[in-house]
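# Close look at the chain arrangement
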Amino acid sequence: MSSTTRLTVAQALVRFLSVQYTERDGLRHRLIAGTWGIFGHGNVAGIGQALLEAGEDAMPFHQGRNEQAMVHAAVGHARQLNRLSAQAVTTSIGPGATNLVTGAALATINRLPVLLLPGDYFATRAADPLLQQLEHPTEADVSVNDTLRPVSRYFDRVHRPEALIPAALQAMRVLADPAETGAVTLALPQDVQAEAYDWPEEFFAERVWRVRRPAPDPVELAEAVRAILGAARPLIVAGGGVHHSEAEEALKAFADATGIPVASTQAGKGSLRHDHPADVGGIGHTGTAVADDLARAADLVIGVGTRYSDFTTASGTLFQDPDVRFLNLNITSFDAHKLAARTVVCDARAGLEALASALEGHRVDAAYEAGYGAGKEHWERVVTRAFDAADENAVPTQTQLLGALDAVVGDEDVVINAAGSLPGDLHKLWRARSPRQYHLEYGYSCMGYEIPAAIGVQQATPDTPVWALVGDGTYLMMPTELVTAVQEGLPINLVLIQNHGYASIGGLSESVGGERFGTAYRYRAADGTFSGAPLPVDLAANAASLGMDVLRAKTVRELREALATARASDRPTCVYVETDAATPTAPPAAAWWDVPVAETASREAAVAARTEYDRQAAARRTHL
C-alpha cells in the first residue's frame, strides 16, 4: 500500500507546485518559480497559510498591490524566460478575483503562461451567500470566477480535495505546452482550501514537463521548399514564436544562406539584430517603409511564429501582389492555417533548420537583395534624423527621447512598453540589439502593463538593466507596483513621459474625425469641453512618494544625463520628462489600420475622415 501524507488542499497544492519543472534542450527550469498574492478572507487561511508553512525555499512569495498588476508581472517573467518558467497568482474571492481578468486575457492572447488561483464560494454551501459572493438566480454553481473561463486556456473549480490531483496535472500540462499555453485558472473554494486529505506521496514526486520541439512533417516541408524555390520576392514575417522557441540563431543562419529579407511583428522584433543585412524592421501599420514596400510586392510571405494581427496585415491591405501566397511555420495549427496558407506545423527552430538544410545552395536574386539593402540604408537615415536633436538645450520630442535612450542602453538592456503612442515609434525606429531587448506587449496593448512587467523581467534576470517606458495616461492607470519594486529592492528604471493626455488616441481621434474629444488631461472650459489649461499634476512627485529615486529632465542634454545616471543606479529610479508634443519627428505610418469612421455625420472632420476611410478600405483583400 502506498504511503500518504495528510495536508490541506492548499498545502498539497503548494507542495506539488514546488517540484514541477520544465526541460528543453537539456536545460531545466522551475515551472512555477514563485507566487504573487494579495490576501483576503477567500485565501488567507488556505493558500496564504500554505505559503507560510512551505517557506521561501519551497515557494518564493511576492507581495503585490493590484491583482491585475500581479498577473502582468508574472507574464513579464514568463516572456523573459521564453515561456519555460511561470509564476502563480493567488487572490481572494470577489473583486480580487475579477481583477485577474484583464491580466488573464493579456496572457492568453500573447500565448504566455500564468497560473491563477482565485478563492471561491464554499463548496459545502455552509455559509451561503458569503461575503463578496455573486448570487445567480438560476445557476447556483456560478461565481465571479467564471469570468475567467473565456480568457483561460484551462479552467477548473476544485470542489473536492481529491479533484485537485487531476486538475493540477492538467494545469501543468497546459502551462508547459508551447502550443496550448496561456492563463490557467484553478478556482479554489475557500472551505476546500483548508480541508485536510490523505495525499498519495506520488503526487509530490518531482515531475519534469518536457517542452517539445516537434519537427516538420516531411510532406509539408517538401511543399514549403517548392514554394520558396518558386518565389521571386519572398519575405519572412518573424513573430513572437521565434523568441519563444529560441530560434533567433536559426533564423539568422536561414537569412544568411538564402538572402530572404526579414520583417518583424511587435512580438518578433529583435529576432535579428537591427544591423543584420536582412533585417528590414517592423511590418504593418507601425512598420518601416522598406518592410511595408517589400510586403506589398511579395509573392510569398513566410510567417514564422506569428498570429497575423490586424496591425501586421494593415487590416488586410498590406499584401497586394495579385498572386501572393502564404507559407506559415507555427507550432499551433490554429495560427499556421491563417490566410489559407501552406502550413508547416512545428517548432520554429526545428522548422527553420530543416528548411535551411533542404534549401542548401538556394539564394534570392542579387537584384532583390540590393533593392531591399538600399531601402534599409535609407530607413536608417530616417531613424537617425528622428533620434538626433539639433539643439541639446531644447525640450525633447518623443523620438529624441528614444534616441537618448538608444545612446545609453547596452545590448543586454530590456525596454518594455505596451500602449500609447510609443509602440508605433518603437516598432519603426528602435534598434534592437539582442533577442530580448525589445519587449512590447501588443497582443492586448494593455495600459498599466509596463511597470509590473519590468518587475517580472527583473526577477527573471536580476542582472539585466530594465526600462519601463510609460506615458502619463498609462502611469495613472497603474503606478502601484512601484511600491513593490522599492520593497523588493529591484532596480527597475521608469521613464515617465508627460504629454498631458492620451497622446496616441488623441492622434487617432483626429484622424478618424473625433477631433481629439475626451483625450486631453485639461480643465473644463466655459463651453464644457476639456480644453482649458493642463492639469497641474506632478507625476514625478507621485513616483517619489512611492519610494522611487526621481530625476527630472527638461532638455535633451539633461535627459541623456538622467538616463545614464538611472542605468548606473542600484535603486528603482524614475526619469521624468515633459516632451514636446507639438513638433512631429516620427515618420508617418507606411500602412493603414482599419478603425471604422462614422458613415453619417454633420461635422466636417468626420465627413472628411469617412472619405479617406472609404478610399483606404477599398484596398482590403481576402486572401484565399
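Reading guide: rules and limits
Residues numbered from 1 in each chain as written. Predicted model: local features only at pLDDT ≥ 70, side-chain atom pairs only at ≥ 80, totals over all residues. Heavy atoms only, no water. Helix = DSSP H or I, 4+ residues; strand = E, 2+ residues; numbered from the N terminus. Rg over C-alpha atoms; globule rule 2.2 N^0.38 Å. Buried < 20%, exposed > 50% of the residue type's maximum accessible area, 1.4 Å probe, protein only. Contact = heavy atoms within 4.5 Å. Areas by Shrake-Rupley, 256 points an atom, 1.4 Å probe, with all protein chains shown as cover. Pairing = 2+ DSSP bridges. Axes fitted to C-alpha atoms, helices over the stretch in contact; angles between N-to-C directions. Lys, Arg positive; Asp, Glu negative; His and termini not counted. Salt bridge = Lys/Arg side-chain N within 4 Å of Asp/Glu carboxyl O.

Across its full length, the protein holds 24 helices and 23 strands. Whereas a compact globule of 624 residues would reach a radius of gyration of roughly 25 Å, the protein reaches 25 Å, a difference of no more than 12%. Along the longest, intermediate and shortest principal axes, the C-alpha atoms of the protein span 75 × 70 × 55 Å. Here the protein, with 624 residues, has 56% of them falling under the buried criterion. If you take every contact in the protein between residues at least 6 apart in sequence, the share linking residues at least 24 apart comes to 76%. Counting only carbon and sulfur atoms, one obtains 54% of the accessible surface of the protein, whose full area is about 24400 Å².

Let us look at the sheet that holds strand 19 (residues 438–440). Read from one edge of the open sheet, 6 strands run 19-18-20-21-23-22, paired in parallel fashion. With one partner strand each, in any of the chains shown, strand 19 and strand 22 (549–553) form the two edges of the open sheet. Strand-to-strand twist in this sheet, taken as the mean axis angle between neighbours without regard to direction, amounts to 20°. Note: strand 22 against strand 23 (residues 573–578), 5 bridges, orientation parallel.

Bringing the side chain of Glu67 into the picture now. Counting through the fold element by element, Glu67 comes out in helix 3 (residues 67–80). One buried charged side chain, Glu67, makes no salt bridge at all; its nearest oppositely charged neighbour is Arg65, positioned 11 Å away. Excluding its chain neighbours within four sequence positions, the residues that come into contact with Glu67 are Ile38, Thr91, Gly96, Asn99 and Leu100.

Here we come to the pattern of salt bridges. Taken as a whole and assessed by the stated rule, the structure comprises 38 salt bridges. For Arg28, the salt bridge goes to Glu206, with nearest N and O atoms at 2.8 Å. Of this pair, Arg28 sits in strand 3 (residues 27–30) while Glu206 sits in the loop between strand 10 (196–200) and strand 11 (207–210), and the two are 178 residues apart along the sequence. For Arg28, a relative accessible area of 41% translates into the label partly exposed. Relative accessible area serves as the criterion here: at 49%, Glu206 is assigned to the partly exposed category. The salt bridge partner of Asp347 is Arg213, with a shortest N-O separation of 3.0 Å. With a gap of 134 residues between them, Asp347 in the loop between strand 17 (342–345) and helix 14 (348–358) and Arg213 in the loop between strand 11 and helix 8 (218–229) connect regions that are remote in the sequence.

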